[in-house]
Amino acid sequence: MLDETERLLESTRRVARGERGQLNVGTPPSLMLETLPRAILAFRRQLPEVDFRLREMSTSRIWDALESGTVDLGLVRGPAVPASLTPLASWKERVIAILPQGHPLAKARRFGLKLMAKEPFVFFSRDLGPGFYEELLGCCREAGFEPRVVQEATQWSSVVSLVSAGIGVSIGPAPVARLLEGSVVVRPLPNQWTQVHLVSSPLRNNPAAKHFVAAVQRLGIGR
(Lines give C-alpha, C1' and ligand atoms only; values in the text may rest on other atoms or scores of the structure.)
Protein backbone atom coordinates (compact mmCIF):
# COMPACT_ATOMS: atom_id res chain seq x y z
CA MET A 1 0.00 0.00 0.00
CA LEU A 2 2.84 2.37 0.81
CA ASP A 3 4.49 1.60 -2.51
CA GLU A 4 1.22 2.22 -4.37
CA THR A 5 0.69 5.51 -2.52
CA GLU A 6 4.20 6.63 -3.39
CA ARG A 7 3.64 5.75 -7.06
CA LEU A 8 0.43 7.80 -7.09
CA LEU A 9 2.18 10.72 -5.42
CA GLU A 10 5.04 10.58 -7.92
CA SER A 11 2.57 10.42 -10.80
CA THR A 12 0.85 13.53 -9.42
CA ARG A 13 4.19 15.30 -9.06
CA ARG A 14 5.09 14.47 -12.67
CA VAL A 15 1.80 15.92 -13.90
CA ALA A 16 2.44 19.05 -11.83
CA ARG A 17 5.92 19.33 -13.40
CA GLY A 18 4.45 18.95 -16.87
CA GLU A 19 6.12 15.58 -17.45
CA ARG A 20 2.84 13.69 -17.85
CA GLY A 21 -0.73 14.54 -18.82
CA GLN A 22 -2.12 16.02 -22.01
CA LEU A 23 -1.24 19.12 -24.06
CA ASN A 24 -3.69 20.49 -26.62
CA VAL A 25 -2.30 22.82 -29.30
CA GLY A 26 -4.17 24.61 -32.09
CA THR A 27 -2.36 25.53 -35.30
CA PRO A 28 -3.11 26.74 -38.82
CA PRO A 29 -2.19 24.06 -41.40
CA SER A 30 0.52 26.22 -43.02
CA LEU A 31 2.70 26.02 -39.89
CA MET A 32 2.74 22.22 -40.20
CA LEU A 33 4.78 22.59 -43.38
CA GLU A 34 8.02 23.70 -41.75
CA THR A 35 8.27 25.12 -38.23
CA LEU A 36 5.96 23.06 -36.05
CA PRO A 37 7.03 19.46 -36.90
CA ARG A 38 10.56 20.12 -35.59
CA ALA A 39 9.21 21.54 -32.32
CA ILE A 40 6.79 18.63 -31.85
CA LEU A 41 9.56 16.07 -32.46
CA ALA A 42 11.85 17.76 -29.91
CA PHE A 43 9.03 17.97 -27.35
CA ARG A 44 7.98 14.33 -27.74
CA ARG A 45 11.56 13.10 -27.45
CA GLN A 46 11.96 14.99 -24.18
CA LEU A 47 8.52 14.16 -22.72
CA PRO A 48 7.18 10.95 -24.29
CA GLU A 49 4.59 10.49 -21.52
CA VAL A 50 2.75 13.72 -22.37
CA ASP A 51 -0.19 13.04 -24.66
CA PHE A 52 0.36 15.71 -27.34
CA ARG A 53 -2.86 16.59 -29.20
CA LEU A 54 -2.64 18.82 -32.27
CA ARG A 55 -5.74 20.48 -33.72
CA GLU A 56 -5.48 22.02 -37.19
CA MET A 57 -7.84 24.96 -37.63
CA SER A 58 -8.02 28.47 -39.00
CA THR A 59 -6.55 31.37 -37.03
CA SER A 60 -10.00 32.76 -36.20
CA ARG A 61 -11.07 29.40 -34.75
CA ILE A 62 -7.83 29.17 -32.75
CA TRP A 63 -8.60 32.53 -31.13
CA ASP A 64 -12.02 31.15 -30.11
CA ALA A 65 -10.52 27.89 -28.82
CA LEU A 66 -8.00 29.80 -26.70
CA GLU A 67 -10.66 32.12 -25.29
CA SER A 68 -12.91 29.19 -24.39
CA GLY A 69 -10.07 27.04 -23.01
CA THR A 70 -10.54 24.26 -25.57
CA VAL A 71 -6.79 24.30 -26.30
CA ASP A 72 -3.84 25.06 -24.03
CA LEU A 73 -1.67 26.75 -26.65
CA GLY A 74 -2.26 28.25 -30.05
CA LEU A 75 -0.04 29.24 -32.95
CA VAL A 76 -1.54 32.16 -34.83
CA ARG A 77 -0.61 34.53 -37.63
CA GLY A 78 -1.15 38.26 -37.56
CA PRO A 79 0.33 41.52 -36.35
CA ALA A 80 -1.09 41.49 -32.80
CA VAL A 81 -2.34 39.31 -29.93
CA PRO A 82 -5.56 40.13 -28.02
CA ALA A 83 -4.93 41.52 -24.54
CA SER A 84 -6.87 38.61 -23.00
CA LEU A 85 -4.25 36.09 -24.22
CA THR A 86 -0.65 35.60 -23.09
CA PRO A 87 2.08 35.73 -25.79
CA LEU A 88 4.86 33.23 -25.05
CA ALA A 89 7.01 33.47 -28.17
CA SER A 90 6.89 35.11 -31.58
CA TRP A 91 8.86 35.03 -34.79
CA LYS A 92 8.72 36.24 -38.38
CA GLU A 93 8.27 34.31 -41.59
CA ARG A 94 9.11 35.72 -44.99
CA VAL A 95 6.26 36.59 -47.35
CA ILE A 96 6.64 35.16 -50.86
CA ALA A 97 5.01 35.80 -54.23
CA ILE A 98 3.30 32.82 -55.89
CA LEU A 99 3.11 32.93 -59.68
CA PRO A 100 1.86 30.55 -62.40
CA GLN A 101 4.46 28.71 -64.43
CA GLY A 102 5.37 30.76 -67.49
CA HIS A 103 4.15 34.05 -66.02
CA PRO A 104 6.12 37.05 -67.40
CA LEU A 105 7.19 38.03 -63.87
CA ALA A 106 8.49 34.54 -63.05
CA LYS A 107 11.89 35.30 -64.59
CA ALA A 108 12.06 39.05 -63.98
CA ARG A 109 15.62 40.01 -63.11
CA ARG A 110 14.53 42.54 -60.51
CA PHE A 111 11.42 41.53 -58.66
CA GLY A 112 9.24 43.36 -56.15
CA LEU A 113 5.64 43.30 -55.01
CA LYS A 114 4.81 46.53 -56.85
CA LEU A 115 5.34 44.68 -60.16
CA MET A 116 2.23 42.62 -59.30
CA ALA A 117 -0.03 45.67 -58.93
CA LYS A 118 -2.05 45.05 -62.11
CA GLU A 119 -2.38 41.29 -61.64
CA PRO A 120 -5.55 39.46 -60.50
CA PHE A 121 -5.03 37.95 -57.03
CA VAL A 122 -6.08 34.74 -55.34
CA PHE A 123 -6.42 35.13 -51.55
CA PHE A 124 -7.57 32.89 -48.72
CA SER A 125 -10.87 33.91 -47.11
CA ARG A 126 -10.72 36.87 -44.74
CA ASP A 127 -13.02 35.05 -42.27
CA LEU A 128 -10.34 32.43 -41.61
CA GLY A 129 -7.87 34.97 -40.21
CA PRO A 130 -8.80 38.66 -40.39
CA GLY A 131 -5.54 39.85 -38.82
CA PHE A 132 -3.35 37.87 -41.21
CA TYR A 133 -5.54 38.84 -44.17
CA GLU A 134 -5.02 42.52 -43.29
CA GLU A 135 -1.31 41.87 -42.83
CA LEU A 136 -1.03 40.60 -46.41
CA LEU A 137 -3.18 43.44 -47.71
CA GLY A 138 -0.85 45.80 -45.85
CA CYS A 139 2.11 44.40 -47.79
CA CYS A 140 0.36 45.33 -51.03
CA ARG A 141 -0.61 48.76 -49.75
CA GLU A 142 2.96 49.46 -48.72
CA ALA A 143 3.92 48.63 -52.31
CA GLY A 144 1.42 51.28 -53.48
CA PHE A 145 -1.61 49.32 -54.63
CA GLU A 146 -4.83 47.61 -53.54
CA PRO A 147 -4.89 44.01 -54.82
CA ARG A 148 -7.74 43.04 -57.15
CA VAL A 149 -8.91 39.78 -55.56
CA VAL A 150 -10.76 37.66 -58.13
CA GLN A 151 -10.93 34.41 -56.16
CA GLU A 152 -10.81 33.34 -52.51
CA ALA A 153 -10.04 29.90 -51.09
CA THR A 154 -10.23 28.23 -47.68
CA GLN A 155 -6.89 26.37 -47.83
CA TRP A 156 -3.42 27.42 -48.94
CA SER A 157 -3.25 24.25 -51.03
CA SER A 158 -6.30 25.54 -52.91
CA VAL A 159 -4.70 28.97 -53.32
CA VAL A 160 -1.61 27.37 -54.86
CA SER A 161 -3.75 25.14 -57.10
CA LEU A 162 -5.73 28.13 -58.37
CA VAL A 163 -2.52 30.04 -59.08
CA SER A 164 -1.10 27.06 -60.95
CA ALA A 165 -4.31 27.02 -63.03
CA GLY A 166 -3.67 30.60 -64.08
CA ILE A 167 -6.57 32.19 -62.16
CA GLY A 168 -4.25 34.80 -60.69
CA VAL A 169 -1.19 35.40 -58.55
CA SER A 170 -0.88 35.40 -54.77
CA ILE A 171 1.32 36.18 -51.80
CA GLY A 172 1.65 34.16 -48.61
CA PRO A 173 3.95 32.82 -45.89
CA ALA A 174 7.13 31.13 -47.12
CA PRO A 175 6.24 27.57 -45.94
CA VAL A 176 3.40 27.33 -48.49
CA ALA A 177 6.12 27.10 -51.16
CA ARG A 178 6.28 23.40 -50.19
CA LEU A 179 2.73 22.86 -51.44
CA LEU A 180 2.48 21.45 -54.97
CA GLU A 181 6.19 22.18 -55.37
CA GLY A 182 7.06 22.71 -59.01
CA SER A 183 3.52 23.61 -60.07
CA VAL A 184 4.06 27.32 -59.40
CA VAL A 185 6.97 29.77 -59.31
CA VAL A 186 7.89 31.27 -55.96
CA ARG A 187 9.72 34.59 -55.63
CA PRO A 188 10.88 36.03 -52.27
CA LEU A 189 9.57 39.50 -51.49
CA PRO A 190 12.26 41.84 -50.10
CA ASN A 191 11.48 43.27 -46.65
CA GLN A 192 8.05 41.63 -46.39
CA TRP A 193 7.32 39.49 -43.33
CA THR A 194 4.41 37.96 -41.46
CA GLN A 195 4.31 37.54 -37.69
CA VAL A 196 3.66 34.23 -35.91
CA HIS A 197 2.72 34.09 -32.21
CA LEU A 198 2.65 31.21 -29.74
CA VAL A 199 0.03 32.12 -27.13
CA SER A 200 -1.61 30.47 -24.14
CA SER A 201 -5.20 30.30 -22.96
CA PRO A 202 -6.11 32.35 -19.85
CA LEU A 203 -8.39 29.50 -18.74
CA ARG A 204 -5.79 26.73 -18.75
CA ASN A 205 -2.61 26.50 -16.72
CA ASN A 206 -1.01 23.38 -18.16
CA PRO A 207 2.52 22.77 -16.78
CA ALA A 208 3.46 20.89 -19.97
CA ALA A 209 3.00 24.12 -21.95
CA LYS A 210 6.23 25.62 -20.61
CA HIS A 211 8.17 22.59 -21.88
CA PHE A 212 6.72 23.02 -25.38
CA VAL A 213 7.67 26.72 -25.37
CA ALA A 214 11.19 25.73 -24.29
CA ALA A 215 11.37 23.17 -27.12
CA VAL A 216 10.41 25.88 -29.61
CA GLN A 217 13.02 28.27 -28.26
CA ARG A 218 15.80 25.65 -28.17
CA LEU A 219 15.35 25.33 -31.93
CA GLY A 220 16.11 29.02 -32.25
CA ILE A 221 12.44 29.84 -32.95
CA GLY A 222 10.56 32.56 -31.15
CA ARG A 223 13.52 34.29 -29.54
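Before reading on, note that the structure itself is shown above.
On a predicted model such as this, the values are computed, not experimentally measured, just so you know.

Colleague: Can you explain the overall build of the protein chain? Please cite residues and give values.
Modeller: Of regular secondary structure, the protein chain possesses six helices and eight strands. When its helices and strands are written in sequence order, the protein chain yields α-β-α-β-α-β-β-β-α-β-α-β-β-α. Its C-alpha atoms put the protein chain at 75 × 35 × 25 Å along the principal axes. If you take every contact in the protein chain between residues at least 6 apart in sequence, the share linking residues at least 24 apart comes to 77%.

Colleague: Pulling in residues and values, what's your account of the packing of helix α2 (residues 35-46) against helix α6 (residues 208-218)?
Modeller: Direction vectors running N to C along α2 and α6 enclose 125°, while the axes themselves pass 9 Å from each other. Between α2 and α6, the crossing angle belongs to the class labelled oblique. Between α2 and α6 lies a crossing of right-handed hand. Of α6, the residues touching α2 (which contributes Leu36, Ala39, Ile40, Ala42, Phe43 and Gln46) are Ala208, His211, Phe212, Ala215, Val216 and Arg218.

Colleague: Mind laying out the pattern of salt bridges, listing which residues take part and the relevant values?
Modeller: Two side chains carrying opposite charge are able to pair once their charged atoms lie near each other. The full count for this structure, using the stated rule, is six salt bridges. A salt bridge links Asp72 to Arg204; the shortest N-O distance between them is 2.5 Å. On the criterion of sequence distance, the pair formed by Asp72 in the loop between α3 (59-68) and β3 (73-77) and Arg204 in the loop between β8 (184-200) and α6 is long-range, its members being 132 residues apart. The salt bridge partner of Glu93 is Arg77, with a shortest N-O separation of 2.7 Å. Here Arg77 lies in strand β3 and Glu93 lies in strand β4 (residues 86-100), a separation of 16 residues in the sequence. Like Arg77, Glu93 is buried. Salt bridges linked by common partners bring Arg126, Glu134, Arg141 and Glu146 together as one network.

Colleague: A description of the sheet that holds β3 should follow, citing residues and the corresponding values.
Modeller: Read across the sheet, six strands follow the order β2-β1-β3-β8-β4-β7 without closing on themselves; strand pairing throughout is mixed. Here the strands that pair on one side only, and so sit at the sheet edges, are β2 (50-56) and β7 (170-173). Averaged over all neighbouring strand pairs, the angle between strand axes comes to 25°, with direction disregarded. Bridging between β3 and β8 involves five bridges; their strand directions are antiparallel. By the bridge assignment, Val76 is partnered in β8 with His197.

Colleague: Any details on helix α4 (residues 130-142)? Residues and values, ideally.
Modeller: For α4, built from 13 residues, the straight-helix expectation of 18 Å at 1.5 Å per residue is met to within 8% by its first-to-last C-alpha distance of 18 Å. Three or more residues of α4 are buried, namely Phe132, Tyr133, Glu135, Leu136, Leu137, Gly138, Cys139 and Cys140. Of the residues one or two after α4, Gly144 is the one with positive phi, at around 100°.

What counts and how
- Numbers given to residues run from 1 along each chain, matching the order in which its sequence is written.
- Thresholds applied to this predicted model are a pLDDT of at least 70 for local features of residues and 80 or more for the giving and counting of side-chain atom pairs; totals over whole chains, interfaces and linings are not thresholded and use all residues.
- Note that water and hydrogens are dropped before the side-chain values are worked out from all heavy atoms of the structure.
- A run of H or I in DSSP becomes a helix once it reaches four residues, and a run of E becomes a strand once it reaches two; helices and strands are each numbered from the N terminus.
- Only heavy atoms matter for contacts: two residues are in contact if any of them lie within 4.5 Å across the pair.
- The convention used is that axes are lines fitted to C-alpha atoms, helices contributing only their stretch in contact, and that angles between N-to-C directions extend from 0 to 180 degrees.
- Note on angle classes: values under 35 degrees are labelled roughly parallel, values over 145 roughly antiparallel, values of 65 to 115 roughly perpendicular, and the remainder oblique.
- Left-handed is the label given to a crossing in which the near helix is rotated counterclockwise from the far helix by less than a right angle, and right-handed is the label when the rotation is clockwise.
- Counted as salt bridges are all cases of a side-chain nitrogen of Lys or Arg within 4 Å of a carboxyl oxygen of Asp or Glu.
- Throughout this description, buried means an accessible area under 20% of the type-specific maximum (1.4 Å probe, protein chains only), exposed means over 50%, and partly exposed covers the range between.
- At least two bridges found by DSSP between two strands is the condition for calling them paired.
- Each helix should span, by expectation, one fewer than its residue count multiplied by 1.5 Å.

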